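Examining the three-dimensional arrangement
What follows is each chain in one-letter form.
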Amino acid sequence: MEADPLAPALFAIKLGLYGSALLAAGLDLHASLNIIARDDRSRALRIATVAGIFALIFAALRLGLANLQLGGANSLLDPATLSWTWPALGPSSIAVVVGAVAMAAGWLLQSSIATAIGAVAFAISFGQTGHTQALESPGLAPWAAAAHVLIAAFWLAGPITLWPTRSLEEATLTARVTRFSNFAVAAVPVLFVLGLWLALLLAGGWAALLSSLYGQLLIAKLAAASFALALGAYNKSVVTARLQTAPETGQRALRLTLDLDAVLFLIALAAIAAATSLTGPPSP
Ligand code: HEM
């Protein structure tokens with residue numbers, strides 16, 4: 001089969017969509033879950049709103065590119081081509097619009113309900129399209145994908161919310177790290193279970209997971225996520241205590257682990273962007 005010349009463009013668009021959508025949803029979740037205290041929320045909600053607008057732009061580019069892939073160079077805005085691509089991407093694009101509007105309302109009105117709606121709508125947009133929808137009987141898989149992405153967003157925004165900026169008081173930082181870790185301990189294992197279940201379902205079993213390019217990209221993502229999990233455990237068991245006993249050393253250790261987290265999350269996003277644009281699940 002001839003390689004799709006537009007596949008690298010789809011990879012770049014997906015990476016942009018994942019990065020902006022997960023950052024926006026993650027910061028909004030941290031505000032709704034009171035990891036970021038009410039007084040400190042305005043900056044985080046502003047960043048989330050801007051990231052939400054970028055997700056909207058990437059979702060529009062994704063739709064435009066699907067038109068080009070299906071109808072050729074002159075079909076970017078062609079209604080006839082759109083009538084084919086909209087059923088696959090329409091519901092997901094609408095969820096991104098709803099999410100971006102709710103996030104902006106959450107920021108302008110300082111409303112936790114609106115920010116929570118924004119984060120959930122973005123997560124649902126991932127369950128409404130993609131490989132889980134292409135399954136013969138999708139069942140719970142699209143919802144598992146949405147829940148998976150919601151937790152991934154919560155985790156991925158951690159380095160931003162927990163970064164020890166000069167303006168952040170030591171007690172506020174320690175409170176954020178403690179509250180974040182308490183939620184992460186419960187949520188992150190669920191992300192792994194959902195991810196592994198989806199990987200086996202979509203790849204079609206262990207053999208296909210290990211032998212296909214799609215499966216190997218998911219395993220690379222699992223490896224990156226596992227290192228991030230180990231860093232999280234180190235933060236919870238060592239760094240949190242050090243933040244209280246020796247704040248300067250504790251903050252240095254926190255900066256290092258958060259830097260490493262950010263690199264690992266980028267690797268995870270690049271692996272899933274490649275798995276959903278440059279290749280796909282092996283045919284049964
Ligand atoms: C840092 C941790 C992780 C992040 C940021 C992350 C992010 C994502 C995102 C954004 C998607 C949606 C892709 C799309 O629908 O276009 C996704 C789907 C998926 N993730 Fe994760 N994930 C993480 C960890 C994991 C782990 C540990 C596994 C286990 C193998 C996993 C397996 C999957 C699978 C199988 C899908 C569905 C892929 C498809 O639709 O083809 N993820 N993940």
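Check the entry above for the structure.
Described below are features of the structure shown in this document. What you see is a predicted model; the values in this text were computed from it and never measured. (Residues numbered from 1 in each chain as written. Predicted model: local features only at pLDDT ≥ 70, side-chain atom pairs only at ≥ 80, totals over all residues. Heavy atoms only, no water.)

**As for the overall build of the protein chain**
Counting its secondary structure elements, the protein chain contains 10 helices and 0 strands. Ordered by position in the sequence, the α and β elements of the protein chain form the string α-α-α-α-α-α-α-α-α-α. Here the C-alpha radius of gyration of the protein chain, 19 Å, is about what a compact globule of 284 residues would show, namely 19 Å. With the C-alpha coordinates aligned to their principal axes, the bounding extent of the protein chain is approximately 60 × 45 × 30 Å. With 284 residues in all, the protein chain has 46% of them scored as buried. Partitioning the intrachain contacts of the protein chain with sequence separation of at least 6 by distance along the chain shows that 72% fall at a separation of at least 24. Summed over all atoms, the accessible surface of the protein chain reaches about 13,900 Å², with 70% contributed by carbon and sulfur. The averaged location of the 12 negative side-chain charges in the protein chain is 8 Å from the averaged location of its 14 positive side-chain charges. (Helix = DSSP H or I, 4+ residues; strand = E, 2+ residues; numbered from the N terminus. Rg over C-alpha atoms; globule rule 2.2 N^0.38 Å. Buried < 20%, exposed > 50% of the residue type's maximum accessible area, 1.4 Å probe, protein only. Contact = heavy atoms within 4.5 Å. Areas by Shrake-Rupley, 256 points an atom, 1.4 Å probe, with all protein chains shown as cover. Lys, Arg positive; Asp, Glu negative; His and termini not counted. Charge placed at Lys NZ, Arg CZ, Asp CG, Glu CD.)

**A closer look at the site of the ligand**
Residues in close proximity to the ligand total 24 residues, the closest being Tyr18, His131, His148, Tyr214 and Lys221. Here tyrosine 18 contributes a side-chain N or O atom positioned 2.5 Å from an oxygen atom of the ligand. In this structure, an oxygen atom belonging to the ligand sits 2.6 Å away from a side-chain N or O atom of tyrosine 214. Elements with a minimum of two residues in the shell around the ligand: helix 5 (141-156), helix 7 (170-203), helix 9 (213-245) and helix 10 (247-275). Here the shell around the ligand gets 7 residues from one element, more than from any other, and that element is helix 7. A per-class count over the shell around the ligand returns 19 nonpolar, 4 polar and 1 charged. (Near = heavy atom within 4 Å. Polar contact = N/O pair within 3.5 Å; in protein donor to acceptor, adjacent residues only side chain to side chain. Nonpolar A, V, L, I, M, F, W, Y, C, P; charged D, E, K, R; others polar.)

Remember, this is a structural readout, not a statement about activity or role.
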